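Residue-level listing of the chains:
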Amino acid sequence: MRLPWFAKSGKADRKRPSAASFRTEIIADVIVPDRAEPVRFFSRKLVSPAKLRRFSNKDFRESLLFGFYLGVAAILPVAWWAPICRSVSGLRLKRHMRKDFSRYAAATQAVLGKGIDAKKLFRALLAANHRRRLLLAVHVVRPRWSPTIRLEGLEGLQAALKRGRGAIIWCDQFTAQTIIGKRALHEAGVETHQVSVDFHGISDTTFGLRFLNPPMVAVENRFLKSRVVFERSDAYQVTIRMQKILKDNGVVLMTNNIHAGSTFAEAGMGESGWTHLASAPANFAARGGTALFAMSTFEMVPFREYRAVISRELRPTTAQPAPVASTARNMGPKNMELQAHYILLKRDRLLEALKDHPEQMMVWASHQRFTERSGVAPADDDAGS
């Protein structure tokens, strides 16, 4: 079934002339028998590539903020950092409330219920996003800064690696995950490989790729064994590299970013919401017998204490142990029902994490199904990779 094209208004075309256009199609609707829940799979095909912009207004704002937070991190004591982020996050509050709040409120209430204070959560998220910016600046100017990072669930990961088929850690887009999640694994002695699109970072303009993104990539790379970079138009090479890493019993980090790959899945979320999940991690686990884990990293006390949580291994009850010969190198045919089961297990872990720290989640589900939306598809966002 082919979905309608996402039509753009003339105003949108004038504002975003460089945006790529995609055609989204439904691949399959799968009901997991023992869960009695549907999972819908989509493909996302590039129709018209983006025109790379040289500079944007966002680049100007992010440059100023980065310079400001570099000064804060270098000069001021830790006790001042969180209050400063909270104050700065309120400078453009009216604009955020006008442009972003209504959609955010609808999504959060669909998942967590009408009883939540969506406005309070929204303001807390804005402050958390600024703490995320300052977190990067701190790692640039204070390399010896060492907060308390508690890693949970390492035993399950180590047990899975003893089977010799590698492991995939499926990371959620909480504000502390990008840097602290990688750092937690690194300090625990786990060597990891991050799967990342080529413009990972803050901006996808020429200026951003040259000046804004490199500091974030450099900081993250301190805590990685390697970074597997790919272009959206050709994901084949990243598949080959991942298969080699997993064959060598490596650990691969993948972020739940539905816009990076060519397929994604949709499942119910909370009370009446819908969440969208990247399907690649479930595909590798279902076809190659790779151990699959979810990971969320939370701020417990800003800039002082963090908690990184690796879930129990996501293992469907219907899944049979893969024979030794069936490694990630020789992946079998797609099993959509098994993939759907992995998707629901990941959704369950994500919902648990959301209920614990909703104010730190960067990307929320929707109150509508993907096929019910009108207008332009959501903008690409690789901020949490």
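Note that the structure is predicted; figures quoted are calculated from it, not measured.

## A word on the packing of aromatic side chains
Within the structure shown, the criterion is met by 12 aromatic pairs. Here phenylalanine 55 and phenylalanine 207 contribute two aromatic rings whose centre-to-centre distance is 5.0 Å and whose plane-to-plane angle is 75°, an arrangement assigned as edge-to-face. Within this pair, whereas phenylalanine 55 is found in the loop between β2 (37-48) and α2 (57-75), its partner phenylalanine 207 is found in helix α9 (residues 206-221), the two being separated by 152 residues in sequence. Residue phenylalanine 207 is classed as partly exposed on the basis of its relative accessible area, which comes to 23%. By way of ring pairs, the aromatic residues Phe101, Tyr104, Phe122 and Trp364 are connected into one cluster. The ring of tryptophan 274 has arginine 369 lying over it, and the distance from NZ or CZ to the ring centre is 4.1 Å.

## Brief notes about a positive patch on the surface
Together, Lys58, Arg61, Arg92, Arg98 and Lys99 make up a positively charged patch on the protein surface. Note that arginine 61 resides in helix α2.

## Topic: the sheet that holds strand β5 (residues 192-197)
Ordered by their spatial adjacency, seven strands build an open sheet running β3-β11-β10-β4-β7-β5-β6, and the pairing between neighbours is mixed. This sheet does not close on itself; its edge strands, each paired only once, are β3 (148-152) and β6 (226-230). Pairwise comparison of adjacent strand axes, ignoring direction, gives a mean angle of 25° for this sheet. Note that strand β4 (residues 167-171) and strand β7 (residues 251-255) share five bridges and pair parallel. Paired with cysteine 171 across the strands is threonine 255, a residue of β7.

## A few points about the packing of helix α5 (residues 101-112) against helix α6 (residues 118-141)
At their nearest, the axes of α5 and α6 sit 10 Å apart, and the two run at 115° to each other. Judged by the angle between their axes, α5 and α6 are roughly perpendicular. Handedness of the α5/α6 crossing: right-handed. Contacts from Phe101, Tyr104, Ala105, Thr108, Gln109 and Leu112 in α5 reach Ala118, Lys119, Leu121, Phe122 and Leu125 in α6.

## Remarks on the pattern of salt bridges
A pair can form between side chains of opposite charge whenever their charged atoms are brought close. Summed over the entire model, instances satisfying the criterion amount to 22 salt bridges. In this structure, the salt-bridge partner of glutamate 313 is arginine 315, at a minimum N-O distance of 2.9 Å. Glutamate 352 is the partner of arginine 349 in a salt bridge, and the nearest nitrogen-oxygen pair spans 3.0 Å. With arginine 349 and glutamate 352 both in helix α12 (residues 336-356) and three residues apart, the pair spans about one turn of that helix. When its relative accessible area of 26% is taken as the criterion, arginine 349 is described as partly exposed. One network of salt bridges, with partners in common, ties together Arg35, Glu37, Arg347 and Asp348.

## Details of the UniProt feature "transmembrane region" (unreviewed entry) in the chain
Within this structure's numbering, the places UniProt gives as "transmembrane region" (unreviewed entry) are residues 63-82. With 90% helix and 0% strand, the stretch residues 63-82 has end C-alpha atoms that lie 20 Å from each other.

## Examining empty space enclosed by the protein
Throughout the structure, instances matching the rule amount to two cavities of 30 Å³ or more. A volume near 40 Å³ is recorded for the largest cavity. Lining the largest cavity are Ala128, Arg131, Arg132, Leu135, Thr175, Ala176, Glu299 and Tyr306. The leading source of residues in the lining of the largest cavity is α6, at four residues. When grouped by side-chain class, the residues that make up the lining of the largest cavity number four nonpolar, one polar and three charged.

## Some remarks on the packing of helix α11 (residues 280-288) against α12
Running from amino to carboxyl end, α11 crosses α12 at an angle of 130°, the nearest separation of the two axes being 9 Å. Between α11 and α12, the crossing angle belongs to the class labelled oblique. In the crossing of α11 with α12, the sense of the turn from one axis to the other is right-handed. Where α11 abuts α12, its residues Ala282, Asn283, Ala285 and Ala286 lie against Leu338, Gln339, Tyr342 and Ile343. For the contact of α11 with α12, the residue count by class is six nonpolar, two polar and no charged.

Rules used in this analysis
- Residues numbered from 1 in each chain as written.
- Predicted model: local features only at pLDDT ≥ 70, side-chain atom pairs only at ≥ 80, totals over all residues.
- Heavy atoms only, no water.
- Phe/Tyr/Trp six-rings, centres within 6.5 Å; stacked < 30°, edge-to-face > 60°.
- Helix = DSSP H or I, 4+ residues; strand = E, 2+ residues; numbered from the N terminus.
- Buried < 20%, exposed > 50% of the residue type's maximum accessible area, 1.4 Å probe, protein only.
- Lys NZ or Arg CZ within 6 Å of the ring centre and 35° of its normal.
- Patch = residues over 30% accessible without salt bridge, like charges linked within 9 Å, V, L, I, M, F, W, Y side chains within 5 Å.
- Areas by Shrake-Rupley, 256 points an atom, 1.4 Å probe, with all protein chains shown as cover.
- Salt bridge = Lys/Arg side-chain N within 4 Å of Asp/Glu carboxyl O.
- Lys, Arg positive; Asp, Glu negative; His and termini not counted.
- Charge placed at Lys NZ, Arg CZ, Asp CG, Glu CD.
- Pairing = 2+ DSSP bridges.
- Axes fitted to C-alpha atoms, helices over the stretch in contact; angles between N-to-C directions.
- Parallel < 35°, antiparallel > 145°, perpendicular 65-115°, else oblique.
- Left-handed = near helix turned anticlockwise from the far one by under 90°.
- Contact = heavy atoms within 4.5 Å.
- UniProt positions renumbered as here; feature names shortened; annotations may be inferred.
- 1 Å grid on protein atoms, 1.4 Å probe; cavity = no way out; pocket = protein on both sides within 12 Å on 5 of 7 lines; lining within 4 Å.
- Points joined across faces, edges and corners; volume = space filled by probe spheres on them.
- Nonpolar A, V, L, I, M, F, W, Y, C, P; charged D, E, K, R; others polar.

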